[in-house]
Amino acid sequence: MAEPSLSTVKRLFALSANRCAYSKCGCPIVETTGTVTGIICHIKARSKGGPRFDPKQTEEERHAFDNLVLMCGRHSKLIDAEPKTYTVELLREMKAMHERHGNLELSQVEARYAGRLLDDYRDLYITTTGDVTVNRPQKVEFKQVKKTVKITAPEGSIAADRSKRNYVKHLIDRYNEFAAQQPGRKFSFAAIYSDITARFGAKWDLLGIEQFDSLCAYLQQRIDCTMRGGINRGQGYPNYSTYPEFVAKYERR
Ligand SMILES: [Zn+2]
């Protein structure tokens, strides 16, 4: 099966500066923890019947650097669902604008991320149809949660505030619910927790209450950047309650 070469994906990833190419999106392609959330997209579809398919392209051209662009889960779905809006010209323009800020150097770690992007690509596509088809049934692993000894929440932490703690849990659950539906990915319920720890420097419930707003903004952005989150937003459905809505719904009982 024809596919982009690893060196092409490395070049794409380097020039993406680890950001989705969609104008002003800013979602990462690979999270700080190494979780790959972005997708290799074809400007002219990889197969007949797909969005913007060009029968005159050779297989080589289809998988070449010029025909590929890196986008987040949400935007990869959007550009293929609305090919009349997202024309070849518009996507080429986004790619060119985006790649101007990139840099061709890749660290060893980044080069590995490019390899993972290609692995995900292989998981995502099967031959011939233009539709995105999952190659193999997605395995969702439920890890046994270890019983923990209950400790008193430190004063001033998110854990010490019942409403705030429950709201963060609500966002984490929503993220995992949406992320588990993403096709072709190795999904782990634990990933979001380590992402938070890597980003904020401590387990989410031990963070200070002053970090509540930025933690919520981060989780909301992660939810919005999932494929399902993007579809909901496109259709005008909210992905989560705001904190005041949540408090009104769940806490005043
Ligand atoms: Zn995006």
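Since this is a predicted model, take the numbers as computed values, not measurements.

The next point concerns the packing of aromatic side chains. Under the defined criterion, the tally for this structure stands at 7 aromatic pairs. Note on Tyr167 and Tyr243: the rings are 5.3 Å apart at their centroids and 55° apart in plane angle, and the pair reads as tilted. Here Tyr167, found in helix H6 (residues 162-179), pairs with Tyr243, found in helix H10 (residues 243-251); they are 76 residues apart in sequence, far enough to count as distant. Using a relative accessible area of 21% as the deciding quantity, one classes Tyr243 as partly exposed.

Right, let's talk about the nonpolar core for a bit. Among the nonpolar cores identified, the biggest contains 23 residues, and Val168, Ile196, Leu215 and Leu219 are the most heavily contacted of them. Put simply, the parts of the chain that give this core at least two residues each are H6, helix H7 (191-200) and helix H8 (212-224). Counting residues per element, this core draws most heavily on H6, which supplies 7 residues. Dropping the residues within four chain positions of it, Val168 is found in contact with Ile158, Trp204, Phe212, Leu215, Cys216 and Leu219. Within the second largest apolar cluster, 19 residues are counted, among which are Tyr22, Cys27, Ile43 and Ile79.

Cut-offs applied
Residues numbered from 1 in each chain as written. Predicted model: local features only at pLDDT ≥ 70, side-chain atom pairs only at ≥ 80, totals over all residues. Heavy atoms only, no water. Phe/Tyr/Trp six-rings, centres within 6.5 Å; stacked < 30°, edge-to-face > 60°. Helix = DSSP H or I, 4+ residues; strand = E, 2+ residues; numbered from the N terminus. Buried < 20%, exposed > 50% of the residue type's maximum accessible area, 1.4 Å probe, protein only. Core = buried A, V, L, I, M, F, W, Y, C linked by side-chain atoms within 4.5 Å. Contact = heavy atoms within 4.5 Å.

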